[in-house]
Amino acid sequence: AVRTTFTATTRAMQGSTTETVLALYRHQHLHTVDSPPFMPFRYSGPRGEMRVVGGHAFTTELPFLGVVPTLPVADAEAGRLRELLASCADEAATFGKEDTYWNGKELGRVSELVHLADQLGETTIRDHLLGRLEHQLARWFDGNEPQFFYYHEPWHTLIGYPDSYASADQLNDHHFHYSYFIRAAATIAQYHPDWAKPENYGGMIDLLIRDCANDDRSDPRFPWMRNLDPYAGHSWASGHAAFASGNNQESSSESMNFAGALVLWGEITGNRAVRDLGIYWHSTEAEAIRQYWFDVDGKVFPPGYRQRCVGMVWGDGGAYGTWWTANPEEIHAINYLPLNGGSLYLGRDPAYVRSNLEHLVSANRRFHEIGGHPGDPCLLYTSPSP
């Protein structure tokens, strides 16, 4: 379990009373422990009903649902998986993308194949793939290749080039992109621990983590917790607040990929602070996803909104869409991928999973019946709850 205490520090501007009132989001007020009783005030907002406590602090307790290095191989599928692994290993290890996001996804794919090969006893394939991972990360980290990371001092950030999806000029999606690098590094460290020592490549992984999730308030190089919004309970992929609807995050599952990567890297390298930061992030955002992306309890989405999920959460609501398409298959999948050993939180509510799938099937049928095309823009937004 993860216990989080929120404390407000106030200064009396008139009189002497320093107590205040705190409005709790749904993911908080459902899970308070050892906290003041709720007051008879309720607020409606874009995340459903908010409840109020008086005083200076409240505490929540959330379950940690677990992260494992990889999903296990079912014995009945081992033969077929061995055939597929042999047929795709060489192609998978040929990195064809250049930017931090798409090359990162290639790193994630090869990382999963390393674990799969290890479970199947295919040590030659495993070691070949590990070598390719090490080589590719070295290209990024050694600083003498077309692919590199640059510390931008005015913005206190680490930017990977080639960049994509405004990760350089708007600092979008850093936790999405860097999650794949950290996860790949954790895979290497599991088999080659010397590679991960701070004097080798471990120091570079530490910088990637601190860029997105610096937990040291005294570190002048990076802001404290750039991507995670601890009170909102989830991350923001776009945080410049220049949109009329505020900040936004689309792929909550890629944020969870970052949290899972922290857990693995911290555990494998013996860095408990990073491991526990990942556990805190994973537990907190898993509950926020249940409530604000999936609305498993049916208490957050406004009346009249008939979808079973949103593809994007905005500051003032949500959208049944993505940045690039109105295709239901992609709207639903963007909050499930990548699937790996950190994805088990998605199965916590089996009845909801079934309803999400049923809605996807019917929405996809309607989409194609009206002649929809995967490239169509999305214009279906939720509004704040009344």
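The rules behind the values
- Residues numbered from 1 in each chain as written.
- Predicted model: local features only at pLDDT ≥ 70, side-chain atom pairs only at ≥ 80, totals over all residues.
- Heavy atoms only, no water.
- Helix = DSSP H or I, 4+ residues; strand = E, 2+ residues; numbered from the N terminus.
- Contact = heavy atoms within 4.5 Å.
- Areas by Shrake-Rupley, 256 points an atom, 1.4 Å probe, with all protein chains shown as cover.
- Lys, Arg positive; Asp, Glu negative; His and termini not counted.
- Charge placed at Lys NZ, Arg CZ, Asp CG, Glu CD.
- Pairing = 2+ DSSP bridges.
- Axes fitted to C-alpha atoms, helices over the stretch in contact; angles between N-to-C directions.
- pLDDT = per-residue confidence, 0-100.
- Buried < 20%, exposed > 50% of the residue type's maximum accessible area, 1.4 Å probe, protein only.
- Salt bridge = Lys/Arg side-chain N within 4 Å of Asp/Glu carboxyl O.

Considering the overall build of the protein chain
Looking only at helices and strands, one finds ten helices and 13 strands in the protein chain. Projected onto its principal axes, the C-alpha positions of the protein chain cover 70 × 55 × 40 Å. Of the contacts formed within the protein chain by residues at least 6 apart in sequence, a portion of 67% connects residues at least 24 apart. Accessible surface, the protein chain as shown: approximately 17800 Å² in total, 54% of it carbon and sulfur. Considering the protein chain, the positive charge centre built from 30 side chains and the negative charge centre built from 46 side chains are found 7 Å apart.

Observations regarding the sheet that holds strand β2 (residues 20-24)
Two pairing modes exist for strands in a sheet, parallel and antiparallel, and in both the strands are linked by backbone hydrogen bonds. If you trace the three strands from one edge of the open sheet to the other, you get β2-β4-β3, paired in antiparallel fashion. Each edge of the open sheet carries a strand with a single partner, namely β2 and β3 (38-45). Averaged over all neighbouring strand pairs, the angle between strand axes comes to 30 degrees, with direction disregarded. Here β3 pairs with strand β4 (residues 48-55) via five bridges, running antiparallel. Looking across to β4, one finds that R42 is bridged to R51.

As for the confidence of the model for the protein chain
When the pLDDT values of the protein chain are averaged, the result is 94; 96% of them are 70 or greater. Confidence drops under pLDDT 50 across residues 377-386; counting only partners more than four residues distant or on other chains, this segment forms 34 contacts.

Side note on the pairing of strand β7 (residues 157-161)
For β7, the tally of buried residues reaches four of five residues, placing the bulk of the element in the interior. Here strand β6 (residues 148-152) runs beside β7; their pairing, made up of five bridges, is antiparallel. Bridge pairing in β7 links H152 to T157.

What to know about the pattern of salt bridges
Counted by the stated rule, this structure contains 20 salt bridges. Among the salt bridges present, the one from K197 reaches D194, with a minimum N-O distance of 3.2 Å. Residue class for K197 comes out partly exposed when judged on its relative accessible area of 36%. Note that R210 is salt-bridged to D219, the shortest N-O span being 3.2 Å. The two residues R210 and D219 agree in class, both being buried. When salt bridges with common partners are traced through the structure, they connect D206, R210, D219 and R221 into a single cluster.

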